[in-house]
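Survey of secondary and tertiary structure
Take a look at the letters that make up each chain.
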Amino acid sequence: MSETLTHAGDPAHDRTVSGVAIRLEGVTKRYPGQSEPAVDAVDLEIAAGETVMFVGPSGCGKTTLLKMLNRLIEPSGGKIFLGDEDVTGQDPDQLRRRIGYVIQAGGLFPHMTVGTNIGLVPGMLKWDRKRIAERIDELLDLVGLDPEVYRDRFPKELSGGQQQRVGVARALAADPPVLLMDEPFGAVDPITRQRLQDELLRIQEELGKTIVFVTHDFDEAVKLGDRIVVFDVGARVVQYDTPEAILAEPAEDYVADFVGAGATLKQLTLTRVGDTGLHTPVTAAAGEDSAAVVTRATAAGEQYVVVTDGRGRPISWPSVAELTRTTTVPATRDERLPVVGLRSTLNDALDTMLAASQGGVVVTGRRDAVAGVLVVEQVMAAIQSTRGETRG
Amino acid sequence: MTAAVDLAVTAPETVEPGGRRDGVAWRGLLVQPALIVVVAVAFVVWRSTATLTDAEARPLGWSALGGSILDHLQLVAVAAVVVLAVGIPLGVLLTRGPFRRASPLVLGVANTGQAAPAIGLFVLLATWLGFGFGSAVVALVLYSVLPVLRNTMVGLQGVDARLVEAGRGMGMSALAVLLRVELPLAVPVVLSGVRTALVLLVGTATLATFIDGGGLGLLITTGINLNLDTLLYSGALLVALLALAVDWVGRVVETLARPKGL
């Protein structure tokens, strides 16, 4: 059985696209001694610049299919196209230098520095030293790590989340049009995972690669994917659609089961923090005169003030009562300050609040500057409204 | 919906950049040479002051002693070069795709080589290849190749398969992954096998004298045959010192060659 799944009506992308389309025609993988193929004649089209999430039960063949895209697993049959180019017969090593590959925990080489790890593929492509060095710093910047601090460190000197960021930077090093990600955020704690997801969304918005992302976490698929492919055994494509459509109309009972009973709450994963009415807080720069800030907050009827550093990034969130006990606004950074990005989901925001035992989160936008605050009541209101919608 | 409560996990680990070569390891490396030097000096003092019979004085004369030590080192060095040249490439080969199937067979042979009584190995080879230096080297190689071979294989097998996949996945050839990822990461294990082999070689080379291969074994056998304890003890002591010295050099190389960042 083979049916081509195409999407003629592409969502209007006004963002940059540096990726290329991927087309699979009857891609099959048969292992000797197994009666059923692991991947059975899959036809799939992935539009340039889209993030497509592969989800499905373990053993359904989604990882096998991903690894056939860069031929870590050689297909037994079928054709793979990047753009209009048939790459099925191309030299795998050459092909892989054009496809970024990110695995769990980054897969960094422990005996090489962060910089060396990132510079590997450009080195293989014979870039000159200066260009590689510039590219390393540019990429570390892109993934939010200070090049001066991290360039010459070894992977073991980094936290799990930082290693994963370097893993993404390494995959992007030679500016490949396609990025394959194999459960990359599976091994980090939920808070770090959420930050990494936000980061990936931001990077993707900037770069517009074609990303194929395997995950077993449906929430992650809904959050990150432009489209989701739900697979059954043999990598049978059960449904290939936008997250909204899959949640609203699961194609089969199988998908409905997979999406799970919490589908109503999963709508929380569809709503971005930036799409809700954010509250604009009273902000104060560290070192400002406390009395003036207190007057300003009282005038605005606010109980809390967001304190920012020199670049407008939030550092703490004290109450007005706390501020009255000081003469100038303290510059101490609150390590437990709950922060989410504009592209985070309401689900993330709620997680972050619960983790910090706070009733709200500070929302940051471009360059991590304060964009507003979101309080738990707004999240509750969103839950109420989606529950109402599905009932009505 | 999962509520994450454990914040401690996100706390970044602070490790000093390039943090390795901790003082303790280096201090450990200093005790061994100190001991070797003290014992060696004691031996030299004893040898210069003791009154020896004629039969004792000849093999213990400075030039005869020096010659025996050099012969011994030569045996060890030649055998070690062959062991490295055979053991490491063979170990690499046996962890590569189709050759993996041959590994039980080769390991079996190497195991037999080591399990067989060394003296038997020497005598058997001598009757087959003739007496002398060459046969002694072959016997020594057979006897000590196993640790190098086995540790090369174990070291390579111990490299995280995901790292190999990451390397292939970014477009490194199989050879590039071997040279830039697998071998560097296997270095500590391989070198510890090399050190074991070297120490085995120094000890076993004493048997070379039975097939006319020379070395410090001569002192020991002469000491036993003529019932001259002075010769016996001198030979045994010098072999032990040599083994300890080789072991120490091995440890230093291991410490220096250990890849940074591990």
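Shown above is the structure to which this text applies.
Structure report, in brief. These numbers come from a predicted model, not from an experiment.

Observations regarding the overall build of chain A
- Summing up its helical and strand segments, chain A has 15 helices and 16 strands in all.
- The globule rule puts the C-alpha radius of gyration for 392 residues at 21 Å, and the 23 Å found for chain A is close to it.
- Projecting the C-alpha coordinates of chain A onto the three principal axes gives extents of approximately 75 × 60 × 35 Å.
- When burial is assessed residue by residue, chain A has 53% of its 392 residues classed as buried.
- Expressed as a percentage of contacts within chain A between residues at least 6 apart in sequence, the contacts between residues at least 24 apart total 64%.
- Summed over its atoms, the accessible surface of chain A is roughly 16900 Å², and 48% of this surface lies on carbon and sulfur atoms.
- Taken as two groups, the 41 positive and 56 negative side-chain charges of chain A have centres that lie 5 Å from each other.

Details of the environment of Val-306 of chain A
Residue and element names in this part refer to chain A.
- Take Val-306: it is sitting in strand β12 (residues 305–308).
- Linking Val-306 and Val-373, residues 67 residues apart in sequence, is a C-alpha distance of 8.9 Å.
- Each residue touching Val-306, except ones within four places of it in the same chain, is listed here: Pro-281, Val-282, Thr-283, Ala-284, Pro-314, Ser-316, Trp-317, Val-362, Val-370 and Val-373.

Looking at the sheet that holds β12 of chain A
Residues and elements named next belong to chain A.
- Strands sit in the order β11-β12-β13 across an open sheet of three strands; the sheet is mixed. Every other strand in the sheet has two partners, leaving β11 (282–285) and β13 (314–316) as the edge strands with one partner each. The mean angle between the axes of side-by-side strands here comes to 50°, regardless of whether they run parallel or antiparallel.
- Set on the sheet, helix α12 (residues 290–300) makes contact with β11 and β12; between it and β11 the angle comes to about 175°.

What about the sheet that holds strand β14 (residues 339–341) of chain A?
All names here are of chain A.
- Read across the sheet, three strands follow the order β14-β15-β16 without closing on themselves; strand pairing throughout is mixed. Edge strands, defined here as strands with exactly one partner in the open sheet, are β14 and β16 (370–375). Sheet twist, expressed as the mean angle between neighbouring strand axes with direction ignored, is 35°.
- In terms of strand pairing, strand β15 (residues 360–364) meets β16 through five bridges, oriented antiparallel. If you follow Val-362 over to β16, its bridge partner there is Val-373.

Some details on the nonpolar core
- Counting residues in each nonpolar core, the largest one holds 57 residues, and the members touching the most others are Phe-109, Ile-118, Met-181, Phe-185, Phe-213, Phe-218 and Ile-228 of chain A.
- Setting aside residues up to four positions removed in sequence, Ile-118 of chain A forms contacts with Ile-136, Leu-139, Leu-140, Val-166, Ala-169, Arg-170 and Ala-173 of chain A.
- Grouped together as the second largest cluster of nonpolar side chains are 42 residues, Leu-60, Leu-178, Leu-231 and Ala-243 of chain B included.

Calculation notes
Residues numbered from 1 in each chain as written. Chains lettered and ligands numbered in written order. Predicted model: local features only at pLDDT ≥ 70, side-chain atom pairs only at ≥ 80, totals over all residues. Heavy atoms only, no water. Helix = DSSP H or I, 4+ residues; strand = E, 2+ residues; numbered from the N terminus. Rg over C-alpha atoms; globule rule 2.2 N^0.38 Å. Buried < 20%, exposed > 50% of the residue type's maximum accessible area, 1.4 Å probe, protein only. Contact = heavy atoms within 4.5 Å. Areas by Shrake-Rupley, 256 points an atom, 1.4 Å probe, with all protein chains shown as cover. Lys, Arg positive; Asp, Glu negative; His and termini not counted. Charge placed at Lys NZ, Arg CZ, Asp CG, Glu CD. Pairing = 2+ DSSP bridges. Axes fitted to C-alpha atoms, helices over the stretch in contact; angles between N-to-C directions. Core = buried A, V, L, I, M, F, W, Y, C linked by side-chain atoms within 4.5 Å.

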